[in-house]
Amino acid sequence: MPEIKVTPLGAGQDVGRSCILVSIGGKNIMLDCGMHMGYNDDRRFPDFSYITQNGRLTDFLDCVIISHFHLDHCGALPYMSEMVGYDGPIYMTHPTKAICPILLEDFRKITVDKKGETNFFTSQMIKDCMKKVIPLNLHQTVQVDDELEIKAYYAGHVLGAAMVHIKVGSESVVYTGDYNMTPDRHLGAAWIDKCRPDILISESTYATTIRDSKRCRERDFLKKVHETIERGGKVLIPVFALGRAQELCILLETFWERMNLKAPIYFSTGLTEKANHYYKLFITWTNQKIRKTFVQRNMFEFKHIKAFDRSYADNPGPMVVFATPGMLHAGQSLQIFKKWAGNDKNMVIMPGYCVQGTIGHKILNGQRKLEMEGRSTLDVKLQVEYMSFSAHADAKGIMQLIRMAEPRNMLLVHGEAAKMEFLKGKIEQEFSIDCYTPANGETVAVTTNPSVPVDISLNLLKREMALGGPLPDPKKPRTMHGTLIMKENSLKLVSSEQALKELGLNEHQLRFTCRVQLQDPHSDSDTLHRIYTHLKSVLKDYTIQHLPDGTVMVESIVIKVSSSAEDANAKVLLLSWSYQDEDLGSYLSSLLKKGLPT
């Protein structure tokens, strides 16, 4: 039986360095190629040696698909294509293609120029890698080769995020990447049609969470920011440049306007200006409200939010600063955090998920003394708040997507093992489908039942209808009798007459014969008459004839009687039938073996 194999090289029972290998119908596809924010050594990249120990990946992969521009999904792409070696097609949406190289270059600067790391990709490698990218449009079926086709669906989450439907013949897989089933202030909700894939591979970051109402969270967020500002404190909000940043900017901008607040709001420069530029450029990817507003004014040009200069961090008085990156593992957000951590008037609000090993994760788990680089320790006195403005689907959202797509099997990635296990139980219980949670390097093989499409000739259909059967119901299987012809890789079911004509063959009648021994002292003609009477009483719905040539016919079945040469009281019944009456012939032979009524 054919099977689909799925192997996570990253994000198997873990959040970080998403990279999933799928083998389907003889094709090998890499889904995402991310890096891990919690590691600074070789573990930051997926283990590509799993695919091949030596040589380029081009020979082993048919294509690479990137779901969105977050570094845990695209951060290892230049390393994979330029340093390990891959020259095949890389697919991503237009916004992802525009934003991905900016984030990669920014990360390269932090890692190489500031930390001085080697064995890392160069600016040129990022450019060379992006030349291999083929942009995807939503709902457009792209033919990768003669057999493999892919189609992108809107995933919410961040600008340009997409889920992909991968199809080879009648086998298919859907990969969600990261998605959000609830619309927010700047993006719509994820959507997919009822494509019934063999496997749905879904992220499960919030596998056990059902989030409270968004409005309550927003009110709580504004209240905490306002209280800190009122007491003269500073608020640090670590964000990734795109996504939550725009979401929270719109929220604070409208609140500042309404409350007529004067405290400054700043945003890390450079990246964000570019980010907002791309939001304007790809306005069609945002939600309905922003598209409408955009006609009158630009939703991403802020009156109260100004560009940040690093000298501002030492300014006295209250302020709110959005700084990148979002997990406090490097960059400007970490610099500001170090400066403000010692003052209990200040506050840091973590608006999204933090990977283990990052400072964000440590302070959220209550760590108040942090070991920094160079063995120095940092006392954390500022207030730490966690508010999930994360654009991931929660447990309810994941269940909602399963209802939408109706997969035959489920596979969870991008989540923590214990939480996945809980959700796996829920999915199996509610949907009665198998759910898998492979670890990195572990392969799941799912057997598929490929359906073979067959055309049916119009004459055969007309004949079926003329027989007075029920009208065809597309949801119910129906048996059709005919001859199956294969021509140029397509199958057709036709009537036997049409098949003979098309193939230039003569028709032959095939009949089955069966002998039945019977004890009966009467003459042959009397025995035959008794058989005729007996069958008439038993088979009331069939046409039974006693013919002058000394035979009885039941439909196409012929029954003859002759005496046995060895025993005068024994009779030999000869039954003969065509293959159409196979069932009836078998029934008659077993009925007559029981003998005739006395």
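Residues numbered from 1 in each chain as written. Predicted model: local features only at pLDDT ≥ 70, side-chain atom pairs only at ≥ 80, totals over all residues. Heavy atoms only, no water.

Student: Please explain the packing of aromatic side chains as it appears in this structure.
Tutor: The description of an aromatic ring pair uses the distance of the two centres, along with the angle that the planes make with each other. Summed over all chains, the structure comprises 15 aromatic pairs. When the ring of F308 is compared with that of Y312, the centres are 5.9 Å apart and the planes differ by 90°; the resulting orientation is edge-to-face. Members of the aromatic cluster, joined through ring pairs, are F45, F48, Y79, F107, F120 and F121. (Phe/Tyr/Trp six-rings, centres within 6.5 Å; stacked < 30°, edge-to-face > 60°.)

Student: Just checking my understanding: could you explain a nonpolar patch on the surface for this structure?
Tutor: On the surface, a cluster of nonpolar side chains totalling about 520 Å² of accessible area is made up of V452, V454, I456, L458, L461 and L484. Listed by contribution, the elements that provide at least two residues to the nonpolar patch are β23 (454–456) and α13 (458–466). Examined against the element boundaries, L461 turns out to sit in helix α13. A relative accessible area of 34% places L461 in the partly exposed class. (Patch = residues over 30% accessible without salt bridge, like charges linked within 9 Å, V, L, I, M, F, W, Y side chains within 5 Å. Areas by Shrake-Rupley, 256 points an atom, 1.4 Å probe, with all protein chains shown as cover. Salt bridge = Lys/Arg side-chain N within 4 Å of Asp/Glu carboxyl O. Helix = DSSP H or I, 4+ residues; strand = E, 2+ residues; numbered from the N terminus. Buried < 20%, exposed > 50% of the residue type's maximum accessible area, 1.4 Å probe, protein only.)

Student: What am I meant to see in the packing of helix α5 (residues 214–230) against helix α6 (residues 244–259) here?
Tutor: How two helices sit against one another is set out by the angle between their axes and by the gap between those axes. Look at α5 against α6: their axes get within 11 Å of each other, and the N-to-C directions meet at 60°. Relative to α6, α5 is oriented oblique. Read as a crossing pair, α5 and α6 show a hand that is right-handed. Residue-level contacts link K214, E218, F221, L222, V225, H226 and I229 of α5 to E247, L248, L251, L252, F255, W256 and M259 of α6. Across the contact of α5 with α6, the residue classes tally to ten nonpolar, one polar and three charged. (Axes fitted to C-alpha atoms, helices over the stretch in contact; angles between N-to-C directions. Parallel < 35°, antiparallel > 145°, perpendicular 65-115°, else oblique. Left-handed = near helix turned anticlockwise from the far one by under 90°. Contact = heavy atoms within 4.5 Å. Nonpolar A, V, L, I, M, F, W, Y, C, P; charged D, E, K, R; others polar.)

Student: What am I meant to see in the pairing of strand β20 (residues 409–413) here?
Tutor: The element β20 is extensively covered by neighbouring structure, given that five of its five residues are classed as buried. Where burial is concerned, the two faces of β20 agree: the one with N409, L411 and V413 and the one with M410 and L412 are both buried. As judged from the four bridges shared by strand β11 (residues 199–203) and β20, these two strands associate in the parallel manner. Bridge pairing links L200 to M410 in β20. Bridge count for β20 against strand β21 (residues 434–436) is three bridges, and the pairing is parallel. Paired with L411 across the two strands is Y436, which belongs to β21. You can see the chain leave β20, run along helix α12 (residues 417–431) and come back into β21, and the turn it takes is right-handed. (Pairing = 2+ DSSP bridges. Right-handed = clockwise from strand over helix to strand, strands pointing away.)

Student: Help me understand the environment of E203 in this model?
Tutor: For E203, the location among the structural elements is in strand β11. Along the chain, E203 and A393 lie 190 residues apart, while their C-alpha atoms are 8.1 Å from each other. Those residues within four positions of E203 in sequence are excluded, and the remaining contacts are T176, G177, D178, Y179, H392, A393, I398, V413 and H414.

Student: How should the side chain of H304 be read in this particular structure?
Tutor: Locating H304 in the fold gives a position in the loop between α8 (288–296) and β14 (305–308). A polar atom in the side chain of H304 sits 2.8 Å from the side chain of E257. Sequence-distant contacts of H304, defined by excluding residues within four places in its chain, comprise E253, W256, E257, L261 and I265. (Polar contact = N/O pair within 3.5 Å; in protein donor to acceptor, adjacent residues only side chain to side chain.)

Student: What exactly am I supposed to notice about the nonpolar core here?
Tutor: Among soluble globular proteins, nonpolar side chains are generally buried collectively. Among the nonpolar cores identified, the biggest contains 130 residues, and M30, L31, F48, I201, F337 and I363 are the most heavily contacted of them. A per-element tally of this core places helix α3 (residues 94–114) first, with seven residues. Counting contributing residues, this core receives three or more from each of domain 1 (3–210 + 391–443) and domain 2 (214–386). Among all residues touching I363, those that are not within four sequence positions of it are L328, F337, V348, M350, L370, V380 and V384. Counting residues in each nonpolar core, the second largest holds 29 residues, with A245, L248, F267 and I283 among its members. (Core = buried A, V, L, I, M, F, W, Y, C linked by side-chain atoms within 4.5 Å. Domains from an automatic or database assignment.)

Student: Sorry if this is basic, but what is going on with helix α4 (residues 123–130) here?
Tutor: An α-helical turn contains 3.6 residues, so any two residues separated by three or four positions project in the same direction. The complete set of buried residues in α4 reads I126, C129 and M130. Take α4 and look down its axis: the buried residues cluster within an arc of 95°, on one side only. (Arc of directions from axis to C-beta.)

Student: What is the right way to read the sheet that holds strand β5 (residues 90–93) from this model?
Tutor: Across a sheet, paired strands are connected by hydrogen bonds in the backbone, their directions being either parallel or antiparallel. Overall, mixed pairing links the seven strands, which are arranged β6-β5-β4-β3-β2-β1-β22 in an open sheet. In the strand order of this sheet, the two ends are held by β6 (133–136) and β22 (444–447), each with one partner. Strand-to-strand twist of the sheet, defined as the mean angle between neighbouring strand axes without regard to direction, takes the value 25°. Relative to strand β2 (residues 19–24), strand β1 (residues 3–10) runs antiparallel, the two sharing five bridges. In the strand pairing of β2, V6 is matched with V22.

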